[in-house]
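Okay, here's what each chain looks like letter by letter:
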Amino acid sequence: MAFLDIRRLRKSYGAAVALGGVDLSVEEGEFITLLGPSGSGKTTLLMSIAGFIKPDEGGIVLAGTDVTDLEPEDRNFGLVFQGYALFPHLSVRDNVAFPLKVRKWEKRAIAERVEAMLALVGLDQLAARKPRELSGGQQQRVALARALAYSPRLLLLDEPLSALDRSLRETMQRELKRLHRETGVTFIFVTHDQEEAYAMSDRIAVFQNGRIVQIGAPRDIYRNPASRFVAGFIGGNNLIRARFSPETGTLSLLGREIAAPQHFDVALHHRDGDVSAWIRSEDIAIGGAEAGFESFDVTVIDRAFIGTGERIAVRTGDDEELALVIPDGAADAVVVGAPLQCRVRPDLIGFLLPD
Ligand SMILES: Nc1ncnc2c1ncn2[C@@H]1O[C@H](COP(=O)(O)OP(=O)(O)OP(=O)(O)O)[C@@H](O)[C@H]1O
Ligand SMILES: [Mg+2]
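Calculation notes
Residues numbered from 1 in each chain as written. Chains lettered and ligands numbered in written order. Predicted model: local features only at pLDDT ≥ 70, side-chain atom pairs only at ≥ 80, totals over all residues. Heavy atoms only, no water. UniProt positions renumbered as here; feature names shortened; annotations may be inferred. Helix = DSSP H or I, 4+ residues; strand = E, 2+ residues; numbered from the N terminus. Buried < 20%, exposed > 50% of the residue type's maximum accessible area, 1.4 Å probe, protein only. Contact = heavy atoms within 4.5 Å. Areas by Shrake-Rupley, 256 points an atom, 1.4 Å probe, with all protein chains shown as cover. Lys, Arg positive; Asp, Glu negative; His and termini not counted. Charge placed at Lys NZ, Arg CZ, Asp CG, Glu CD. Near = heavy atom within 4 Å. Polar contact = N/O pair within 3.5 Å; in protein donor to acceptor, adjacent residues only side chain to side chain. Core = buried A, V, L, I, M, F, W, Y, C linked by side-chain atoms within 4.5 Å. 1 Å grid on protein atoms, 1.4 Å probe; cavity = no way out; pocket = protein on both sides within 12 Å on 5 of 7 lines; lining within 4 Å. Points joined across faces, edges and corners; volume = space filled by probe spheres on them. Nonpolar A, V, L, I, M, F, W, Y, C, P; charged D, E, K, R; others polar.

The name that an unreviewed UniProt entry assigns to the protein is Putative spermidine/putrescine transport system ATP-binding protein, with the source organism given as Kaistia hirudinis. The heading Sequence similarities (unreviewed entry) in the UniProt record of the protein holds the text "Belongs to the ABC transporter superfamily."

## So, the overall build of the protein
Helix and strand counts for the protein come out as nine helices and 20 strands. Projected onto its principal axes, the C-alpha coordinates of the protein cover approximately 75 × 45 × 35 Å. A burial count over the protein gives 49% of its 355 residues as buried. Taking all contacts inside the protein whose residues are at least 6 apart in sequence as the whole, residues at least 24 apart take part in 65%. Just so you have it, the protein exposes about 16,800 Å², and 49% of that area is on carbon and sulfur atoms. Averaging the locations of the 41 positively and 49 negatively charged side chains of the protein gives two centres separated by 7 Å.

## What about the site of ligand 1?
What surrounds ligand 1 is the set Tyr 13, Ala 18, Pro 37, Ser 38, Gly 39, Ser 40, Gly 41, Lys 42, Thr 43, Thr 44, Glu 159 and His 192. Between ligand 1 and the protein, one listed contact pairs an oxygen atom with a side-chain N or O atom of Lys 42 at 2.8 Å. Thr 44 has a polar side-chain atom sitting 2.5 Å from an oxygen atom of ligand 1. Out of a free accessible area of 630 Å², ligand 1 has 58% covered by protein chains. Looking at which element gives the most residues to the shell around ligand 1, the answer is helix α1 (residues 42–50), with three residues.

## Comments concerning the nonpolar core
Soluble globular proteins tend to bury their nonpolar side chains together. Formed by 36 residues in total, the largest nonpolar core has its most connected members in Val 96, Leu 144, Leu 155, Leu 157 and Leu 176. Residue assignment for this core shows that the elements contributing at least two residues are α3 (92–102), α4 (107–120), α5 (136–148), β7 (154–158), α6 (166–183) and β8 (186–191). The biggest single contributor to this core is α5, with six residues. Every residue in contact with Leu 144, bar those within four places of it in the chain, is listed here: Val 80, Leu 155, Leu 157, Met 172, Leu 176 and Leu 179.

## Thoughts on the layout of surface pockets
To find leftover empty space, a probe the size of one water molecule is rolled over the atoms. Its volume calculated, the largest pocket comes out at about 500 Å³. Secondary structure elements with two or more residues in the lining of the largest pocket: α2 (72–75), α3 and α5. For the lining of the largest pocket, the element with the highest residue contribution is α3, accounting for three residues. When its residues are assigned to classes, the lining of the largest pocket shows 13 nonpolar, one polar and three charged. The space that makes up the second largest pocket amounts to roughly 210 Å³. Forming the walls of the second largest pocket are Leu 164, Arg 166, Arg 169, Glu 170, Gln 173, Asp 193, Glu 195, Glu 196 and Ala 199. Those elements giving two or more residues to the lining of the second largest pocket turn out to be α6 and α7 (194–200). When residues in the lining of the second largest pocket are grouped by element, the largest group, four residues, is from α6.

Here's what the structure looks like:
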């Protein structure tokens, strides 16, 4: 049995379905990320696990004990809200001590624990400050120290890094991973940032309309999206239309007719031949035909410098828009409005049933 077992969890608000039957099993010590668009049910699931939302149906079992009807304070889970929710009138030290006082720890044990937690998150020098005297990242660390202070078995984090700038965010991502390693606590983390999910997680659960539509290791999800929605949402993919002709064994896509590659599963087309395909931006190169590649003609519609390279937007002969990412300096001959030849390896094209 898994450490945390969520079974058929449902929650509706009137006609709006926030959770449409969620099953999720989490192993002890795992770092699981809930990833999905706004309104897909991530916070509702997190708050249901924490006990602040009562599900309409389904159950939550922690280490063999059904906790579905327990009050939040009896579950003893650490929780870091999106806005940190620090007590503004309390010092850093007293913020971290608060959950321990509520749990009636002894004064001395509280003092020791608070010092240890502040050292863990690198805030021992700032213990006397008030939250308003701290930067966003420092406030974030206070929230983490407070959530970890009473050694919860499970730490629930709702977009804890979304308010931070990129470099602080990357620092905090490493910090969180370190805390996860050093404490051995099970983390359930919410984000709608794909890269953050890849960087942090053992496994990612992708949400769509109140359901988990795919769960797996970051590389699994990136390489084998299970649906057109996932392929589109996880970023970096171009979704394109294709049509399969069983008589000739060919696919028409990108304004071309090509032999169906070996990994193409003929079961993946509807009776009318429609197939959904995707190509990652980094798998499209500029240039004409070459052994092992198929080339196709496009018109350039935009060039954008993105730091690590350039993102080129193009339109194909059959009116699909594609984005390709190429190293900086490799796009000197690319002119907006002009024709261009691109190429792709057919074995890197993914195929899915159309939604
Ligand atoms: N108290 C409520 N009353 C009515 N509808 C609600 C309530 N709370 C959430 N919802 C609805 O339930 C759905 C799921 O909301 P939830 O907050 O779980 O989404 P989310 O995935 O966390 O989104 P975000 O990324 O924007 O935080 C949304 O459609 C939302 O409008
Ligand atoms: Mg939310």
